[in-house]
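# Descriptive structure summary
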Amino acid sequence: MNWGLEYYSPKIEKLILSLSEGLLARYFRLTDLMLEFGPNLGMPHTRSLNNGLFELRVKGKESIARVFYCTKIGKRIIMLHVFIKKSQKIPKKELNIAIKRMKEVIKK
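### Looking at the packing of aromatic side chains
With the rule as written, the count across this model stands at three aromatic pairs. On the basis of an interplanar angle of 15° and a centroid distance of 5.3 Å, the ring pair of F54 and Y69 is categorised as stacked. Taken together, the residues F54 in strand β3 (residues 53-59) and Y69 in strand β4 (residues 64-72) connect sequence positions 15 residues apart. You'll find F54 and Y69 in the same group, each marked buried.

Next up, the structure:
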């Protein structure tokens, strides 16, 4: 059984699909690999952050985006949050949003 991909909300899906052309192409390529091989592709594509939270590292010519996600039983990958990276470190605000959403998803 292959993995499935879901979004935390339609808003998150819309935000991801509104990424620039280069980032979106890279996002689709990486998610295709995740669906086939699983959610942990390893560096430089994915990285485990803590307690089941991962980041998908999407890099294009124009900018860098991060998509936070988690997994659930039944081989489900849930995209939780997306942001355009502007500094070396992950902003605490962005990380906290993803952690909060992950806790909500796990409770369901």
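### Description of the pattern of salt bridges
Under the defined criterion, the tally for this structure stands at four salt bridges. Note that E55 is salt-bridged to R47, the shortest N-O span being 2.9 Å. You can call E55 buried: its relative accessible area is 1%. Under the relative-accessibility criterion, R47 is labelled partly exposed at 34%. Here R57 makes a salt bridge to E55, at a shortest N to O gap of 3.0 Å. Residues joined in a network through salt bridges with shared partners are R47, E55, R57 and R66.

About the cut-offs
- Residues numbered from 1 in each chain as written.
- Predicted model: local features only at pLDDT ≥ 70, side-chain atom pairs only at ≥ 80, totals over all residues.
- Heavy atoms only, no water.
- Phe/Tyr/Trp six-rings, centres within 6.5 Å; stacked < 30°, edge-to-face > 60°.
- Helix = DSSP H or I, 4+ residues; strand = E, 2+ residues; numbered from the N terminus.
- Buried < 20%, exposed > 50% of the residue type's maximum accessible area, 1.4 Å probe, protein only.
- Salt bridge = Lys/Arg side-chain N within 4 Å of Asp/Glu carboxyl O.

Just distances and angles here, no functional claims.
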